[in-house]
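# Structural features, examined
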Amino acid sequence: MALSFACVASLAAGGPMPELALGLARGGLLALRPSPEERAWGGPSAILNLGACAQSLDRLTARVGVVAALRFHVRGIAGFAQTVHGVEPEEIEALTRRHLRAGAEPDEAGLRALLADVEALYADAVGEPWPEDPGEQLEAAARAMARAWRAPSARILRQAKGAPEDAGLGLVVQRLALSLAPGVSGCGSLQLVSGRTGAPEIAGGFILRSQGLDTSPSTHPLTRAGREAPAPTLDVPPLDELAPAAVERLAAAAATATAGFRDAHLVEFALEAGEPVLIDSVPVRRNARAAVRIAVDLANAGVIGRDEALLRIEPRSLIEHLHPQIDPTALRDVFGSGLAASPGAATGRLVLSSEAAMTAAAQGEPTILARVETGPEDIRGMHAALGVLTLRGGMSSHAAVIARGIGVPCVVGAGDLRLDPVARTLTSPDGRTFREGALLTLDGTRGEVLAGAPAMIAPELGGAFSELLDWADAVRDLGVRANADTPAEARMARDFRVDGLGLCRTEHMFFDHERLTVMREMILADTAAGRLAALDRLLPMQRADFVELFEIMHGLPVVIRLLDPPLHEFLPRESEDLHALALAMGLPVDQVMARARALREVNPMLGMRGVRLGLVMPEIYEMQARAIFEAAIAVNRDAKAPVVPEVMIPLVSANHEVVIAKARIDAVAAAVQAELGATLDFRLGVMVETPRAALRAGDLALSAAFLSFGTNDLTQMTYGLSRDDAGRFMRDYVSRGVFTEDPFHTLDLEGVGELMLIAAKRGRAGNPDLVLGLCGEHGGDPSSVRFCKVAGFDYVSCSPFRVPIARLAAAQASLLTRDGADGGR
C-alpha cells in the first residue's frame, strides 16, 4: 500500500498512522520505501525487515531455516537503529566482525550471538528494549522518514535540484521478498538496453542470498553476454542458467515498464526460491551516447514521437559523439585543471612551441602544445598539435576560439601550472615536473590535464546520432552556419551539413609561411606603392583560397569578413625575431624596429583594426574584394548553383564608415565585372561588435543587406572585459554569484541580449528585408541559439564541431515556440 504526500506530511507533524498500514505490519516482514514526486530530488533510504520480533522469527525459521531467519532479524534491527535512532553504522560493523568470519557463510551460533549484541546495543543507544510490536516499528520508521524529508538540509538539497519548497514525499509499504532464503534467492536488477551504448541487450546483475544494496564479488550476470554489472571475479553462472523462467518474466516486466513509462526502464527485483518479485522500476542510467540511441529507438518503436525524442536530448551532450573521449572506466592521473575551452581528449608528447609541434607532426608524432597564451603566430602549431593547453585566457581567448574552430581539445586558464621556457618544463601544483617530450593527455571536455595515456573512446557520427539530426533539420527553421577560415574547415563544416558559412576570417589565410612573408612585406612598406606591390602578390593567393572555398560550399551562402586584426599581429613579438626578419627581408634593422614600434598600440583591440584599417589603408580591402569577386565569377561559370558572396565589414561603429567602404567595394565589383565580362550578385553586410553599432542599427541597415552580431567582441565591449584576461577571475565571479554564467560562454541576455533586440528592431524598421545572424562563439551555445530563435534571427554560426549542437538546439527552440511552451521551459 501507499501513504500519500498528505499522510506523510501529517506523520511528520505528529498525526496518526493509518490503521490499514498498522494491520499490514502484523502479517509478516515489510519494506518501507520512499516515493518522492521526482526521483531526481532524492529522499531517505528504504528501511527493510520491519516487523522483526520473536513471533516472526519463529515463522521465518519454519519457512526459510534458522540461519536465513536470523539474518533477516539482525539486518532489521540494525537498519532500524541506524535510520530511526541514528546509531552509528561502525558500531554495528564492529559487532558483525566480532561474531561472523569475513567471506564465510554465517552460522547459527554466530548469528544468535550477534542478534543478542545488536539488541543490547539498541537498548543502550535508545534507552528502551527493541519493540516487539511490528506496528510500532512501522509507525516509528514512517515518522522518521517523514522528518528526514522535512529536515532543512534535505530541503536545501532538493531545491538545489529544482524541487519546490513544498515538494511532497509518499511512502510505499511492501511485503518483503525473502531474498536471503536458501536456493535461488537474492536481489538484482535487469534492463533491456546497454547504459553505455544504448543498444538492445539484457544487462544487469544478481547476487545470491542478498538484500537491498548488498554488493558481492560473486555478482551473477543475467546472461553470459550481459556483463554490464561489475565484472565477476569468481566463476559464477549467469542467472538465466539458474532460473531461466525468472529472467524471461523479468525481461517482460522491463518491457512493460519501458512502454508504460515511455522510457528505457530497469526493474529492481528479488527472487525467493526462484520466484521473481518486482521491487521497483527506474529509468536506465545512461551516458550521452546511450541517451541518443535510446531516444531514437523509442521513437522508431512508436513509444514516443520524434519531437519528444528531440526534446529529450541535451544539445551539449552531443559533444560525446563528436570527439574522442577518455573512457569513463580509465584511471585518471590529473595534475592540472583550467577552463574546458574545446571538448574532446587527446594524448601526445608535451611541446612548448609551435615550431616543435610542427616538426613533430612532420615526423608523425602526436603532441600537446602548451603555451602561456597563444597568438596568431601559433595557428600553424595549433593545427599540428592534437591538443592545446594555455596557462592564461578565457572561453573566448585566441586559443579557445581557434581550437573550437579546428576541433582540437583545449584547456585554457590553467594558472596553477608553471611553464619554464628555458628549462623546457611544465610544473604541476603538487610539485611534479614534466619535461618537454613527456606523455600527457588533455581532456578538453572536463578542463583537465593528465599524466600518461588513459584508454579512449572513439567518436561516433553515424547511426542514431545522424538520424536524430535528420529529424532536427526537418523541424528547425533557424539557419545554422559554420565559422570556417580555411578550405579544410569548410569541408568539415559541409560534412556537418551546415546551411552555409556565417564567418570566414580572412586573416587566418595569411599565416602560411609563404603568405606571411608577403604580408610582412606589405606591412613594412613605407609607401602606398610598396604596399600595392605586395598586395598584388597576395591577390592570387587569396583568390585561390576563395575559389576553393566557393567550390566546397557551392549553392550555400558564404560570409567573408574582410581583414580585422591590427597589423602588428602579423609581426614577430621578440626583438631577436625582428632582427631575423630584417635580415631575411634585406631591410635595415632600424627600419623594421621603427615600423614595429609605430604599429604598436596601448590597446590594440580598440585601435586601428577592422573597418578603421580598411579606411586608412583602403588598398587592403580593395585587394580582398577583388579576390572575392574574381573567385566567385570563376566558380559561377561552371556551377549549377551560383555563388552569392556575402562581404562583411568588421568593427563598424558609424554608418559613414560603411558608406565609404561600400563605395570602394562597389567600385571594385563594377571593375571586375567589366574586366571579365560577367555579372555578379553579392551582398554587403556589417559585423555588429560595438554597442554603438547595435544602437545605430537603423542607420546601418540602410547601407547593409545583413547584420551579423560578433558576440565575442560585443560582450567584451559591453562589459568592459578583456576576453583574454577574464579567465583569471571569472570562476570566482561565477562561484560567488556575481555573474550567473561566464558571459563569453553563455550569452548575457540582460545586457548584450537587449542590445541585440534593440538592433534587430531598429534595423528591420528601416529595412524589412534585413538578414540577422549571430557569428560569435555563442552560436554553439543552446540557450543563445534559443534566444536567437525567439528574437527572430535568421541564422546562427559557430565552429564546425559545434554545428550539431546548434542544429539540435535550433530544433528544440522551434518545437517549444511552436507549441507555445517556450516560457515554461
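Residues numbered from 1 in each chain as written. Predicted model: local features only at pLDDT ≥ 70, side-chain atom pairs only at ≥ 80, totals over all residues. Heavy atoms only, no water.

Below, the discussion takes up the overall build of the protein chain. Per the secondary structure count, the protein chain includes 32 helices and 29 strands. Its C-alpha atoms give the protein chain principal-axis dimensions of roughly 105 × 60 × 50 Å. In the protein chain, which comprises 825 residues, the proportion classed as buried is 53%. Sequence-distant contacts in the protein chain: of pairs separated by 6 or more residues, those separated by 24 or more amount to 67%. Put simply, the protein chain has 81 plus and 102 minus side-chain charges, and the middle of one group is 1 Å from the middle of the other. (Helix = DSSP H or I, 4+ residues; strand = E, 2+ residues; numbered from the N terminus. Buried < 20%, exposed > 50% of the residue type's maximum accessible area, 1.4 Å probe, protein only. Contact = heavy atoms within 4.5 Å. Lys, Arg positive; Asp, Glu negative; His and termini not counted. Charge placed at Lys NZ, Arg CZ, Asp CG, Glu CD.)

With antiparallel pairing, the 4 strands of this open sheet are ordered in space as β1-β4-β2-β3. Among the strands making up the open sheet, the edge pair consists of β1 (2–3) and β3 (47–50). Pairing geometry for strand β2 (residues 30–36) and β3, over 2 bridges, is antiparallel. Note on β3: the bridge partner recorded for Leu-30 is Leu-50. Across the sheet, helix α1 (residues 5–12) lies against β1, β2 and β4 (169–175), angled at about 100 degrees from β4, the strand it touches most. (Pairing = 2+ DSSP bridges. Axes fitted to C-alpha atoms, helices over the stretch in contact; angles between N-to-C directions.)

Judged by nonpolar contacts, the single largest core of 132 residues is most densely connected at Phe-550, Phe-629 and Leu-707. Residue contributions to this core peak at 11 residues, all from helix α24 (residues 618–636). Not counting residues up to four positions away in its chain, the partners in contact with Leu-707 are Val-686, Val-688, Ala-697, Leu-700, Leu-770, Val-771, Leu-772 and Gly-773. (Core = buried A, V, L, I, M, F, W, Y, C linked by side-chain atoms within 4.5 Å.)

Let's shift gears to a negative patch on the surface. On the surface, a cluster of negative charge is made up of Glu-88, Glu-90, Glu-91, Glu-93 and Asp-124. For Glu-90, the position within the fold is in helix α5 (residues 89–99). (Patch = residues over 30% accessible without salt bridge, like charges linked within 9 Å, V, L, I, M, F, W, Y side chains within 5 Å. Areas by Shrake-Rupley, 256 points an atom, 1.4 Å probe, with all protein chains shown as cover. Salt bridge = Lys/Arg side-chain N within 4 Å of Asp/Glu carboxyl O.)

Our focus in this paragraph is the pairing of strand β26 (residues 683–688). For β26, a buried count of 5 out of 6 residues is recorded, marking the element as mostly surrounded by other parts of the structure. Summarising the sheet, strand β25 (residues 645–649) and β26 pair through 4 bridges and their orientation is parallel. Within the sheet, the bridge partner assigned to Met-648 lies in β26 and is Gly-685. Assessed by its sense of winding, the connection that carries the chain from β25 through helix α25 (residues 655–676) to β26 is right-handed. (Right-handed = clockwise from strand over helix to strand, strands pointing away.)

Looking now at the side chain of His-73. By secondary structure assignment, the location of His-73 is in helix α4 (residues 66–85). If sequence neighbours within four positions are ignored, His-73 has contacts with Ala-52, Cys-53, Ser-56, Leu-57, Leu-60 and Leu-115.

Per-residue pLDDT for the protein chain has a mean of 89; in total, 96% of the residues score no lower than 70. Ignoring residues within four places in sequence, the model shows residues 225–235, a span with pLDDT below 50, making 22 contacts including any to other chains. Within the model, the stretch residues 821–825 combines pLDDT values under 50 with 8 contacts to residues more than four positions away or in other chains. (pLDDT = per-residue confidence, 0-100.)

To continue, consider helix α11 (residues 288–300). With 13 residues, α11 extends 19 Å between its outermost C-alpha atoms, agreeing within 8% with the 18 Å of an ideal straight helix rising 1.5 Å per residue. Counting buried residues along α11, 10 of its 13 residues qualify, which places the element largely inside the surrounding structure. Among the residues of α11, those classed as buried are Ala-288, Arg-289, Ala-290, Ala-291, Val-292, Ile-294, Ala-295, Val-296, Leu-298 and Ala-299. The N-terminus of α11 is capped by Asn-287, whose side-chain oxygen sits 3.1 Å from the backbone nitrogen of Arg-289. (Expected span 1.5 Å × (residues − 1). Polar contact = N/O pair within 3.5 Å; in protein donor to acceptor, adjacent residues only side chain to side chain.)

The contact between helix α18 (residues 487–495) and helix α20 (residues 528–552) brings their axes to 9 Å, and the two run at 5 degrees. What the angle tells us is that α18 and α20 run roughly parallel. Contact residues: α18 offers Pro-487, Ala-490, Arg-491 and Arg-494, while α20 offers Asp-545, Glu-548, Leu-549 and Ile-552. (Parallel < 35°, antiparallel > 145°, perpendicular 65-115°, else oblique.)

One simple way to see leftover space: roll a probe sized like a water molecule over the atoms. Tallied over the entire structure, the rule returns 1 cavity of 30 Å³ or more. Roughly 40 Å³ of internal volume is contained in the largest cavity. As for the largest cavity, its lining consists of Gly-614, Leu-615, Pro-618, Tyr-621, Glu-622, Ala-661, Arg-664 and Ile-665. Here the lining of the largest cavity is composed, by residue class, of 5 nonpolar, 1 polar and 2 charged. (1 Å grid on protein atoms, 1.4 Å probe; cavity = no way out; pocket = protein on both sides within 12 Å on 5 of 7 lines; lining within 4 Å. Points joined across faces, edges and corners; volume = space filled by probe spheres on them. Nonpolar A, V, L, I, M, F, W, Y, C, P; charged D, E, K, R; others polar.)

Going through the model one piece at a time under the given rule, you end up with 47 salt bridges. The partner of Arg-371 in a salt bridge is Asp-378, and the shortest N-O contact between them spans 3.4 Å. Judged by its relative accessible area of 3%, Asp-378 falls in the buried class. Across the pair Glu-619 and Arg-531 runs a salt bridge, and its minimum N-O distance is 2.6 Å. In this pair, Glu-619 sits in helix α24 while Arg-531 sits in helix α20, placing the two residues 88 residues apart along the sequence. Salt bridges here are not isolated pairs; linked through shared partners, they connect Glu-507, Arg-561, Asp-564, Arg-609, Glu-689 and Asp-713.

Strand order in this open sheet of 4 strands is β6-β5-β7-β8, and the pairing throughout is antiparallel. Looking at strand neighbours, the two that pair on one side only are β6 (200–208) and β8 (275–283), the edges of this open sheet. On average, adjacent strands in this sheet sit at an angle of 20 degrees to one another, irrespective of strand direction. Here helix α10 (residues 244–261) sits on the sheet in contact with β5 (186–193), β6, β7 (265–272) and β8, set at roughly 145 degrees to β7.

On the surface, Phe-729, Tyr-733, Val-734 and Val-738 cluster together to form a nonpolar patch covering roughly 300 Å² of accessible area. Secondary-structure assignment places Phe-729 in helix α29 (residues 727–735). The class for Phe-729 is partly exposed, based on a relative accessible area of 30%.

Right, let's talk about the environment of Gly-348 for a bit. Tracing the backbone through its elements, the reader meets Gly-348 in strand β12 (residues 345–351). Residue classification places Gly-348 among the buried positions, given a relative accessible area of 1%. Between the C-alpha atom of Gly-348 and that of Pro-366, which follows or precedes it by 18 residues, the distance is 4.7 Å. Those residues in contact with Gly-348, other than ones at most four positions away along the chain, are Pro-366, Thr-367, Ile-368, Ala-438, Leu-439 and Leu-440.

Below, the discussion takes up the packing of aromatic side chains. For the structure shown, the criterion picks out 13 aromatic pairs. With a centroid separation of 5.1 Å and 90 degrees between ring planes, the pair formed by Phe-80 and Trp-130 is classed as edge-to-face. Of this pair, Phe-80 sits in helix α4 while Trp-130 sits in the loop between α6 (108–126) and α7 (134–150); the two residues are 50 residues apart in sequence, bridging distant segments of the chain. Of the two residues examined, Phe-80 and Trp-130, each falls in the buried class. With a centroid separation of 5.4 Å and an interplanar angle of 40 degrees, the aromatic rings of Phe-709 and Phe-793 are classed as tilted. Taken together, the positions of Phe-709 in strand β27 (residues 706–709) and Phe-793 in the loop between α31 (782–790) and β29 (795–798) put the pair 84 residues apart, joining distant regions of the chain. Each member of the pair, Phe-709 together with Phe-793, is buried. Taken together, the ring pairs connect Tyr-719, Phe-729, Tyr-733 and Phe-739 into an aromatic cluster. If you follow Arg-158 out to its NZ or CZ, it ends over the ring of Trp-149, 3.8 Å from the centre. (Phe/Tyr/Trp six-rings, centres within 6.5 Å; stacked < 30°, edge-to-face > 60°. Lys NZ or Arg CZ within 6 Å of the ring centre and 35° of its normal.)

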